[in-house]
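# Fold and geometry: a report
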Amino acid sequence: MPIRQTIIPALSYDDPNGAIAFLEAAFGFETHLLVTDGDGRVQHGEVSIDGALVMLGPAGWADWAKSPRSAGGANTQSVHVEVADVDAHCARARAAGARIVAEPTDQFYGDRTYRAADPEGHHWVFAQHVRDVPADEMSANSGLKVEYRS
Amino acid sequence: MSGAAIMVAVTVAAPPERAFALFTDEVDVWWQRGPAYRFRRGNDGTMRFDPGPGGRLVEAYPDGTLFEVGHIRDWQPGRRLAFSWRNPHHSGDEETEVEIEFKAVPGGTRVVVRHSGWDRLNPGHPARHALADVPLMRMMGDWWRGQLAAMAGRLPG
């Protein structure tokens with residue numbers, strides 16, 4: 001079955017306006033929809049990178065919608081984004097003030113990835129596919145049983 | 001206070017001068033038809049910009065009548081366009097404002113539409129569809145996205 005990219009992460013920020021500026025400057029997202037209220041505060045934003053979408057909005061509209069900043073830095077999910085040049089992407093993010101949580105590293109499954117935290121503590125993984133790895137090799141290299149279906 | 005606003009952007013596969021011309025010269029081609037898109041029911045009007053500073057955006061009907069959507073506030077081909085906007089049921093002081101920027105980017109032009117001025121409509125105004133600012137802006141965002149997708153679809157790639 002072909003994979004369809006129809007699952008869209010939606011992130012909560014205490015400062016969604018600042019978050020959008022950061023996502024553009026550090027991670028190379030393009031904003032293509034903003035809904036702002038009478039005070040100029042973003043109430044709904046949609047940003048994209050290579051055609052993939054992330055939504056964001058203000059924390060606090062529901063009691064479960066929190067920024068990691070007000071949840072002790074906890075993340076219950078992270079956003080995984082495929083990019084064309086992960087090292088260049090990391091350099092840009094670092095220059096724009098992103099906290100690099102894990103430096104670019106080749107992973108046993110054939111991606112080169114790094115992890116970054118945005119100003120409110122959302123964790124992002126950026127990945128570049130660098131090598132096709134057969135399942136049995138992944139298993140041998142990781143000590144885990146790897147199965148996949150395409 | 002900037003007022004409730006919507007911002008919608010699309011990248012079109014053309015340089016900024018061409019994107020500007022597409023937006024303005026070909027408005028009647030890409031501006032969708034249907035009660036939600038044209039200004040009067042019946043959808044038999046033809047839209048056009050009377051270009052340049054002091055110009056306007058109008059919809060002209062076969063019976064010779066014409067609806068003036070708004071006045072051009074800024075006309076910088078290939079860079080920026082701004083015009084006022086009212087619907088037929090808006091009174092004179094209920095104009096909203098549309099600003100469009102055309103920015104060269106790899107692969108074409110980023111067309112960024114910002115539509116503001118909704119705070120000039122009183123809370124019970126029919127153009128609000130009984131919606132608060134934010135849901136109204138979300139609706140307008142979807143509306144503009146449909147329009148810009150139709151416009152971008154006029155170009156290859």
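- Under the UniProt heading Sequence similarities (unreviewed entry), the entry covering chain B gives this text: "Belongs to the AHA1 family."

- If you check an unreviewed UniProt entry, chain A appears there as Putative glyoxalase superfamily protein PhnB from Stella humosa.

### Considering the pattern of salt bridges
- According to the stated counting rule, one finds 22 salt bridges over all chains in the structure shown.
- Between E137(A) and R131(A) there is a salt bridge, with the nearest N and O atoms lying 3.1 Å from each other.
- Under the relative-accessibility criterion, E137(A) is labelled partly exposed at 27%.
- Close ionic contact of E68(B) with R56(B) constitutes a salt bridge, the shortest N to O distance being 3.0 Å. Separated by 12 residues along the polypeptide, E68(B) in strand β4 (residues 66-76) and R56(B) in strand β3 (residues 56-60) bring together distant segments of the chain.
- When its relative accessible area of 25% is taken as the criterion, R56(B) is described as partly exposed.

### Structural notes on the sheet that holds strand β7 (residues 111-117) of chain A
Residues and elements named next belong to chain A.
- The 4 strands lie next to each other as β5-β8-β7-β6, forming an open sheet whose pairing is mixed. On the outer flanks of this sheet lie β5 (79-82) and β6 (99-106), each paired with one strand and no other. This sheet shows a mean twist of 15° between the axes of neighbouring strands, independent of strand direction.
- As paired elements, β7 and strand β8 (residues 123-129) share 7 bridges and run antiparallel to each other. Following the sheet pairing, T113 is matched in β8 by A127.

### Observations concerning the interface of chain A and chain B
- Contact with chain A, which involves 14 residues of that partner, is made by 17 residues of chain B.
- Surface buried jointly by chain A and chain B totals about 1,300 Å² across both partners, of which 51% is contributed by carbon and sulfur atoms.
- Where chain A touches chain B, the interface holds 2 salt bridges.
- At the boundary of chain A with chain B, the tally comes to 7 residue pairs in polar contact (both at pLDDT 80 or more).
- Counting residues per element, the ones that place at least two in the side of chain A that touches chain B are β2 (30-36) and β3 (42-49) of chain A.
- Considering each element in turn, the side of chain A that touches chain B owes the most residues, 7 residues, to β2(A).
- Partitioning the side of chain A that touches chain B into residue classes produces 3 nonpolar, 7 polar and 4 charged.
- Taken together, the 4 bridges between β2(A) and strand β1 (residues 5-12) of chain B define a ladder with antiparallel strand orientation. Across the sheet, residue T36(A) finds its bridge partner in β1(B), namely A5(B).

What counts and how
Residues numbered from 1 in each chain as written. Chains lettered and ligands numbered in written order. Predicted model: local features only at pLDDT ≥ 70, side-chain atom pairs only at ≥ 80, totals over all residues. Heavy atoms only, no water. UniProt positions renumbered as here; feature names shortened; annotations may be inferred. Salt bridge = Lys/Arg side-chain N within 4 Å of Asp/Glu carboxyl O. Buried < 20%, exposed > 50% of the residue type's maximum accessible area, 1.4 Å probe, protein only. Helix = DSSP H or I, 4+ residues; strand = E, 2+ residues; numbered from the N terminus. Pairing = 2+ DSSP bridges. Axes fitted to C-alpha atoms, helices over the stretch in contact; angles between N-to-C directions. Contact = heavy atoms within 4.5 Å. Buried area = accessible area lost by both parts, 1.4 Å probe. Polar contact = N/O pair within 3.5 Å; in protein donor to acceptor, adjacent residues only side chain to side chain. Nonpolar A, V, L, I, M, F, W, Y, C, P; charged D, E, K, R; others polar.

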